[in-house]
Amino acid sequence: MDENAERYATIAAALTGHVPVADAVRALCAVPVDGPFRGVLAAGLIGRFVADEESQILGDRAHLEALITIGDGDPPDGSWPRTRALGRATLLAMAALRYDLPESAAALEEFDELAAVIDGDDRTGRIQMERARLAVSMYHAVTQGDDPMQNEAWERFRKLAENGPPSVTALAEAVQITQDLMNDPHNDLDGKLARLREVAALMPDSPATTLIESAVDQMRQATGGDLSAFAPGDHGGGPALGLAVEAARLLSDEDATVADLDEAVERLRAALAASTTDPQLRILHLTGLAGALARRAEVTADITGLPEAEELLVEAQGLLSGPQDRGWEIVHDGLAQVRQRLGAVQDSYLDAVASLRTHVWRVLMQPDAAGAAAVAKEAGDAAVSAARECLRVNDIAGAVRALDAGRGLALYAATEMRSVPERLRDAGDPGLAADWQRAIDGDGPPQTLRRRVLGVLARAAPGGALFDPPEIDEIRDALFELDLDALVYLVPGSRLWPGMALTVPAEGTLSYLGLPGLKPGESPEVDAYLAAASSRDSAAVGRGGQRDMVVLDDDLTDQLDVVRDWAWRAAMGPVIERLLPSWAHVPTGRVPRMALVPMGELALIPWQAACRAGGEPAIRSVAFSQAASARMLLRSAALPPVPPSRLGLIVADPETGTEAVALHGARDEASAIHDVIYRGARYLGRLPGDDGAVSPSGAGTPKEVRDWLTSTGRAAGTMLHLACHGVADAAGGSYLMLAGERLAAEDLVKLMTAVPDRAVGLVVLAACSSGMASRDYDEAYSLGTAFLAGGARSVLSTQWTIPDSSTSLLMFMFHHHLMTGRLPVWEALHRAQLWMLDPDREAPESMPARLSAQLDDGDPADVTGWAGFLHGGR
């Protein structure tokens, strides 16, 4: 009796906050099962866990589990379901904070059931449930690579933590610092690590510190960061993490001796032996030891330790659940590098490409194009790095596939996710296909559904095909189908690497050409050209003040003349003179054709205009098309051709108010091609003349264009010509300025892919900067590529703000060659551009006088007028 009285006294003291909860739990567990009030007291102690965030961070999960079990065996009054739900939610949150919640997706589903127990007017209970759910959401997002959920959970967590106790506020700051380190490890690394140490001091013995330090340790091993901010022994993750961090300190020293490296290897061996069975932490220790062995092999020029490193990484590979794991890229990058050193070229190439699958997974998980573009931004650098590693062992095929793995991922996501229902039915899951279609028709698929769907598709795709770029033979087949002679990647150089051109010919051997001068970041010519193009773009859409457009045109012409010479010297001259002669597929009587994939800022250069000072432009030697990626090239090749039609839609300079300058030449252009070539087409927008009269057929609104794009009637036609303003803006994205409002590139893809039976044969974007990506050049997500992704067979788009008058001449000649000469789209554009360059050019009799008069008023050969147009697709 005295013992029980003492136990109850301990429990009472804990309920009032005078004794640690752990002591009270032990006391309650010792009370006989028939002791009075066991369930009531268990509920009270659960309340302590739920209400006290520090108990959640520092407490013992076994104690909370024991309390729930006691309550279940002796349930108190009607409040027990609420208490139990909050206790169970807190238990899941504690597991997440300790990095020990393998079934996090199931835990999130359980939260829906737990939350349903809490009454709607129970504000305290709902806040407590939300805090627990956020902890699990953050854990799930980090471990599963779910970027949208991570961003959303972090924002909600930060708001909840603002008024919390010091430990919770410190945890919020620690998570933010760790996230910043992972996103940008080279920005103020030492300062952030030092601040993390200060923050960790506010959370003594916190299990959350283990999670944070393990993530930071992984980053430090990857970057060789300065570890001096953490002293030995300051680690709450047990002996394994402490040994790993101290070993990383030795490895981070650029002047580390062989003895230092030997010591680091032994510490990491000990860390691996002491590590837990948690897959994520074990992967960390396996990759850490493998990296140390590889570092030692590099320093000592002795590869005897690399087979062990390969074995460690293979074990880590076996622990990965798929590309959604954060460790996927690290493990496969490591395998690629180790196997290259061991001479296993084929395996290293496959590993290099496999390492990039995680980028594709993350992009496909994004709910919208903006999110996909943001996530895909880092993929370009990773792809170039993997390609260079392949080239170190002369693996050109691997380099090509690596480059394409980081290109146009947002476009790829936009097209792939629209074909999901058909793919799921092919995979034998019609029920999931129906769920997806309902979500697409509604507010969009939630992340849980998106993850389920991608998991099914990944398993159904042989050999990871859902995530991998096309094979070389597939690229060659597409080149033959599109009557192209070669696919050429242009890759800018860096401080340590030269630029390069990689070529996949339709026939013959893959080739690699080093281009030491292909470094746009170090070129004053490129800088001046980009500044001039940007100024003219801004002025055309009312963003750049009142500078005279004529002055801006002259400035752009001057800078283009300079950058054309640089483009020849840096890349196009060597490509034409050294690579083009080896292309075996050029048919007799046809000019050679290349599909160009320019990486990074190289997408801004007018390669077709490249020439030696005083020499002929490249377009006289080769016809250019441009592709976002080999993936998108294959998509164009897979779509059946659409015969040219004289029916379609022409939109001429819609009224935009004061947003942009009037395009009188665009009205003349649109009217001419309508009256002479496409008399059956519908004409929208403004008519020629100074009064700005609107066409009786319509003003050229986004709705009118949308209706045409989704019309499946034969009378709608298959040709769309847009003579209007286009904008590629980093903040607002890429969009067309139509009457009344804008039409965004992302909307075009959704709109067109929703009507698979609609066949659009040709889209002509005689609109400013319609071929330029607004956010990331390697994503190549522009108005032009959006139409291609939506299923348009051929697209013409522009690289800069094109001049009004000379564009009218070029466009008339293009349509003249297309419909009168019955030439393919690419050849019609090529012939029209050569006509602009020909000093002996003659206007066809069908050209209206208001256009032919411009031959005497200006210089059609001016580079700004003819070189800005790009061809894509068929």
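### Quick notes on the overall build of the protein
Across its full length, the protein holds 38 helices and 14 strands. Long-range contacts, defined as pairs at least 24 residues apart, comprise 71% of the intrachain contacts of the protein with a sequence gap of at least 6. Working note: accessible area of the protein is about 34,800 Å², and carbon and sulfur atoms make up 51% of it.

### Thoughts on the pairing of strand β14 (residues 869-873)
Here β14 lies mainly inside the structure; five of its five residues are buried. The pairing of strand β13 (residues 794-798) with β14 spans five bridges and is classified as antiparallel. From the neighbouring strand, Leu796 faces β14, where its bridge partner is His871.

### Structural notes on the packing of helix α14 (residues 258-274) against helix α15 (residues 279-300)
Remark: α14 packs on α15, axes separated minimally by 9 Å, with the N-to-C direction vectors making an angle of 160 degrees. As summarised for this structure, α14 and α15 are arranged roughly antiparallel, according to the angle between their axes. In the crossing of α14 with α15, the sense of the turn from one axis to the other is left-handed. Residue-level inspection shows Val258, Leu261, Asp262, Val265, Leu268, Arg269, Ala271 and Leu272 of α14 in contact with α15, the latter providing Arg282, His285, Leu286, Gly288, Leu289, Ala292, Leu293, Arg295, Arg296, Val299 and Thr300.

### Description of the packing of aromatic side chains
The geometry of two aromatic rings is summed up by the distance between their centres and the angle between their planes. Summed over all chains, the structure comprises one aromatic pair. Residues Trp566 and Trp607 carry aromatic rings whose centres are separated by 6.3 Å and whose planes lie at 40 degrees to one another, so their mutual orientation is tilted. Of this pair, Trp566 sits in helix α28 (residues 549-579) while Trp607 sits in the loop between β4 (593-598) and β5 (623-626), and the two are 41 residues apart along the sequence. What makes Trp607 buried here is its relative accessible area of 0%. Just above the ring of Trp708 sits the side chain of Arg758; from NZ or CZ to the centre is 4.3 Å.

### Some points on the sheet that holds strand β11 (residues 742-744)
The strand order across the open sheet formed by three strands is β9-β10-β11, and the pairing between neighbours is antiparallel. Every interior strand has two partners, whereas the edge strands, β9 (725-729) and β11, have only one. Taken over all neighbouring pairs, the strand axes of this sheet differ in orientation by 25 degrees on average, direction set aside.

### Some remarks on the nonpolar core
Buried together is how nonpolar side chains tend to be arranged in soluble globular proteins. Counting 75 residues, the largest nonpolar core has Leu490, Trp566, Met572, Met594, Trp607, Tyr678 and Phe814 as the members making the most contacts within it. Among the elements that take part in this core, α28 stands out by supplying twelve residues, more than any other. In contact with Leu490, not counting residues within four places along its chain, are Met500, Ala501, Leu515, Ala571, Met572, Val575, Leu596, Val597, Pro598, Met599, Leu602 and Trp607. One finds Ala43, Ile46, Ala95 and Tyr139 within the second-largest nonpolar core, a separate group that totals 39 residues.

### Side note on the packing of helix α3 (residues 38-51) against helix α5 (residues 61-73)
Relative orientation of the contacting elements α3 and α5 amounts to 145 degrees, with a least axis distance of 8 Å. Remark: the crossing between α3 and α5 carries left-handed chirality. Where α3 abuts α5, its residues Arg38, Gly39, Ala42, Leu45, Ile46 and Phe49 lie against His63, Leu64, Leu67, Ile68, Ile70 and Gly71. Grouping the amino acids of the contact of α3 with α5 by side-chain chemistry returns eight nonpolar, three polar and one charged.

### Observations regarding the environment of Arg822
Mapped onto the secondary structure, Arg822 falls in the loop between α34 (804-820) and α35 (825-837). Once the C-alpha coordinates of Arg822 and Pro644 are considered, the two residues, 178 residues apart in sequence, prove to be 8.5 Å apart.

### Brief notes about the sheet that holds β5
On the basis of which strands lie adjacent, the open sheet formed by five strands has the order β3-β2-β1-β4-β5 and mixed pairing. The sheet terminates laterally at β3 (511-515) and β5, the two strands that pair on one side only. Strand-to-strand twist in this sheet, taken as the mean axis angle between neighbours without regard to direction, amounts to 25 degrees. Contacting β1 (486-491) and β2 (499-505), helix α26 (residues 472-481) runs over the sheet at an angle of about 70 degrees to β2.

### Re the pairing of strand β10 (residues 733-737)
Burial runs high along β10: five of the five residues are buried. Side chains of β10 alternate between two faces, with Gly733, Tyr735 and Met737 and Ser734 and Leu736 buried alike. Bridging between β9 and β10 involves five bridges; their strand directions are antiparallel. What sits directly across from His725, in β10, is Met737. As paired strands, β10 and β11 are joined by three bridges and run antiparallel to one another. In the sheet register, Tyr735 faces β11, and the bridge partner there is Ala744. The antiparallel pairing of β10 with β11 creates a hairpin that spans four residues between the two strands, and Gly740 there sits at a positive phi of about 95 degrees.

### Re the environment of Leu364
Within the secondary structure layout, Leu364 lies in helix α19 (residues 357-364). Of the residues examined, Leu364 reaches a relative accessible area of 1% and is grouped as buried. For the pair formed by Leu364 and Leu454, sequence separation is 90 residues and the distance between their alpha carbons is 8.1 Å.

### With respect to the confidence of the model for the protein
Scored by pLDDT, the protein comes out at a mean of 80, with 81% of its residues at no less than 70. A low-confidence stretch, residues 539-552 (pLDDT under 50), is modelled with 25 contacts involving residues beyond four sequence positions or located in other chains.

### A few points about helix α31 (residues 702-709)
The α-helix advances 3.6 residues per turn, and as a result positions three or four apart in sequence lie on the same side. Considered for burial, the residues of α31 that qualify are Pro702, Glu704, Val705, Trp708 and Leu709. Around the axis of α31, the buried residues are gathered within 165 degrees of arc, so they sit on the same side. For α31, the secondary structure elements touched by its buried residues are β6 (648-652), β7 (682-685), β8 (719-723), β11, α32 (745-753) and α33 (783-789).

### Remarks on unusual backbone geometry
Positive phi, normally seen in glycine, also occurs at Ala301, with a value near 60 degrees. Within the element layout of this structure, Ala301 appears in the loop between α15 and α16 (306-319). The phi torsion at Asp483 lies on the positive side, around 55 degrees, for a residue other than glycine. Tracing the backbone through its elements, the reader meets Asp483 in the loop between α26 and β1.

What counts and how
- Residues numbered from 1 in each chain as written.
- Predicted model: local features only at pLDDT ≥ 70, side-chain atom pairs only at ≥ 80, totals over all residues.
- Heavy atoms only, no water.
- Helix = DSSP H or I, 4+ residues; strand = E, 2+ residues; numbered from the N terminus.
- Contact = heavy atoms within 4.5 Å.
- Areas by Shrake-Rupley, 256 points an atom, 1.4 Å probe, with all protein chains shown as cover.
- Buried < 20%, exposed > 50% of the residue type's maximum accessible area, 1.4 Å probe, protein only.
- Pairing = 2+ DSSP bridges.
- Axes fitted to C-alpha atoms, helices over the stretch in contact; angles between N-to-C directions.
- Parallel < 35°, antiparallel > 145°, perpendicular 65-115°, else oblique.
- Left-handed = near helix turned anticlockwise from the far one by under 90°.
- Phe/Tyr/Trp six-rings, centres within 6.5 Å; stacked < 30°, edge-to-face > 60°.
- Lys NZ or Arg CZ within 6 Å of the ring centre and 35° of its normal.
- Core = buried A, V, L, I, M, F, W, Y, C linked by side-chain atoms within 4.5 Å.
- Nonpolar A, V, L, I, M, F, W, Y, C, P; charged D, E, K, R; others polar.
- pLDDT = per-residue confidence, 0-100.
- Arc of directions from axis to C-beta.

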